[in-house]
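Fold and geometry: a report
Read off the chains here:
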Amino acid sequence: MAIAGRKKSNSETKLFRLCPFWQTGTNSSSSPSTNHLNNGNRHVDSPALNSRSTKTVSSVARSLLPPRRRLRLDPSKNLYFPYEPGKQVRSAIRLKNTSRSHVAFKFQTTAPKSCYMRPPGGILAPGESIIATVFKFVEHPENNEKQPLDQKSRDKFKIMSLKVKAGIDYVPELFDEQKDQVTVERILRVVFLDAVRPSPALEKLKRQLAEAEAALEARKRPPPDTGPRVVGEGLVIDEWV
């Protein structure tokens with residue numbers, strides 16, 4: 001009888017191993033140590049742990065997605081300059097804030113000694129746009145070789161953006177203080193155009209430069225005089241004793 005009972009126990013054990021979900025219904029009859037182990041196993045699958053793992057997966061997924069751009073650039077890939085060796089030439093690019101928040105922008109270049117921008121950075125309100133002017137000195141080619149037109153230069157420009165609060169003043173240090181929130185909008189390459197032969201790219205560049213100069217002159221003009229200013233209107237007058 002003892003042997004028969006032992007065989008029955010072994011068969012039940014094999015059956016339980018094949019169907020582990022049956023064991024959940026027999027926890028009440030199991031030993032305290034078994035309940036403690038089962039409780040420990042259930043703790044591993046706790047909602048808090050699942051929430052942390054879900055957050056980790058979502059953060060990894062977000063890192064694999066392309067960054068959401070805040071600015072629309074025109075032109076979007078290249079900066080076009082008229083090719084005039086030995087002279088300082090200009091290019092232009094329009095930036096428009098397409099987000100719902102204020103956005104700070106900043107330019108960087110691989111050739112700071114021969115290039116500079118006006119303005120090098122700033123803050124745009126939602127829907128606001130600006131045309132930035134890029135200045136570049138074009139060096140003479142080595143051995144007086146003729147530079148192939150429409151050829152990309154080694155110089156590059158990087159445009160970065162940062163979401164900021166309304167009313168904040170622009171300082172370049174904003175991008176150092178919030179490095180994790182900075183988005184690289186675009187890396188632009190320099191492309192030279194024939195300064196003599198007309199082309200759609202050259203005509204567009206001339207129009208953008210004219211708009212940039214007009215906007216600069218408008219900013220230089222003082223605000224219109226609308227009459228005497230009333231300071232502190234409605235304040236209580238101090239008593240004269």
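This one's a predicted model, so the numbers in the text were calculated from it and none came from an experiment.

Analysis parameters
- Residues numbered from 1 in each chain as written.
- Predicted model: local features only at pLDDT ≥ 70, side-chain atom pairs only at ≥ 80, totals over all residues.
- Heavy atoms only, no water.
- Helix = DSSP H or I, 4+ residues; strand = E, 2+ residues; numbered from the N terminus.
- Buried < 20%, exposed > 50% of the residue type's maximum accessible area, 1.4 Å probe, protein only.
- Contact = heavy atoms within 4.5 Å.
- Core = buried A, V, L, I, M, F, W, Y, C linked by side-chain atoms within 4.5 Å.
- Salt bridge = Lys/Arg side-chain N within 4 Å of Asp/Glu carboxyl O.
- Pairing = 2+ DSSP bridges.
- Axes fitted to C-alpha atoms, helices over the stretch in contact; angles between N-to-C directions.
- pLDDT = per-residue confidence, 0-100.

**As for the overall build of the protein**
Across its full length, the protein holds five helices and nine strands. When the helices and strands of the protein are placed in sequence order, the string is α-α-α-β-β-β-β-β-β-β-β-α-β-α. Within the protein, buried positions represent 26% of all 241 residues. Considering only contacts within the protein whose residues lie at least 6 apart along the sequence, 72% involve residues at least 24 apart.

**Structural notes on the side chain of glutamine 208**
Mapped onto the elements of the fold, glutamine 208 is located in helix H5 (residues 200-220). Apart from the residues within four sequence positions on either side, glutamine 208 is in contact with Asp74, Pro75, Ala92, Ile93, Arg94 and Ile131.

**Remarks on the environment of serine 153**
Within the secondary structure layout, serine 153 lies in strand E8 (residues 152-164). Residue classification places serine 153 among the buried positions, given a relative accessible area of 15%. Spatially, the C-alpha atom of serine 153 lies 6.8 Å from that of arginine 189, the residues being 36 residues apart in sequence. Not counting residues within four places of it along the chain, the set of residues in contact with serine 153 comprises Arg189, Val190 and Phe192.

**Remarks on the nonpolar core**
Counting residues in each nonpolar core, the largest one holds 24 residues, and the members touching the most others are Leu71, Ile93, Leu95, Phe107, Phe157 and Ile159. Elements that contribute at least two residues to this core include exactly strand E1 (71-74), strand E2 (78-83), strand E3 (88-97), strand E4 (102-109), strand E5 (115-118), strand E7 (129-137), E8 and strand E9 (183-194). If near-sequence neighbours (up to four positions away) are discounted, phenylalanine 107 is found in contact with Ile93, Leu95, Met117, Pro119, Pro120, Ala132, Lys158 and Ile159.

**What about unusual backbone geometry?**
Note the cis peptide between aspartate 74 and proline 75, where omega equals 0°. Of note, proline 75 is situated in the loop between E1 and E2. Following arginine 118, the chain continues into proline 119 via a peptide bond in cis, with omega recorded as 0°. Turning to its location among the elements, proline 119 is positioned in the loop between E5 and strand E6 (121-124).

**Focus on the pattern of salt bridges**
Note on pairing: side chains with opposite charge can pair once their charged atoms come close. Per the stated rule, a full pass over the model turns up six salt bridges. Note that arginine 94 and glutamate 211 form a salt bridge whose closest N and O atoms lie 2.5 Å from each other. Here arginine 94 is found in strand E3, whereas its partner glutamate 211 is found in helix H5, with 117 residues between them in sequence. Residue classification places glutamate 211 among the partly exposed residues on the basis of a relative accessible area of 40%. Aspartate 155 is the salt-bridge partner of lysine 136, the closest N and O atoms lying 2.3 Å from each other. A residue pair is termed long-range when its members are at least 10 positions apart, and lysine 136 in strand E7 and aspartate 155 in strand E8 qualify at 19 residues. As far as burial versus exposure is concerned, lysine 136 and aspartate 155 are alike and both buried.

**Quick word on the sheet that holds E3**
Sheet architecture is open: four strands sit in the order E1-E3-E7-E5, paired in antiparallel fashion. The open sheet has two edge strands, E1 and E5, and neither has a second partner. Each adjacent strand pair in this sheet contributes to an overall mean axis angle of 25°, direction not counted. The pairing of E5 with E7 spans four bridges and is antiparallel. Its bridge partner lying in E7, arginine 118 is registered against threonine 133. Relative to E3, H5 is tilted by about 75°, and along the sheet it contacts E1, E3, E5 and E7.

**Digging into the side chain of lysine 106**
Of note, lysine 106 is situated in strand E4. Residue contacts for lysine 106: discarding those within four places in its chain leaves Pro120, Gly121, Lys158, Ile159, Met160, Tyr170, Pro172 and Phe175.

**Details of the environment of valine 191**
With respect to the element layout, valine 191 can be found in strand E9. Note: C-alpha distance between valine 191 and tyrosine 83 (108 residues apart in sequence) is 8.9 Å.

**Thoughts on the confidence of the model for the protein**
Looking at the protein as a whole, its pLDDT mean stands at 76, while 61% of the residues score no less than 70. Predicted confidence for residues 18-31 stays below pLDDT 50, and this span has seven contacts to residues more than four positions away or in other chains. For residues 230-238, every residue scores under 50 in pLDDT, and the model assigns this stretch zero contacts once sequence neighbours within four places are set aside.

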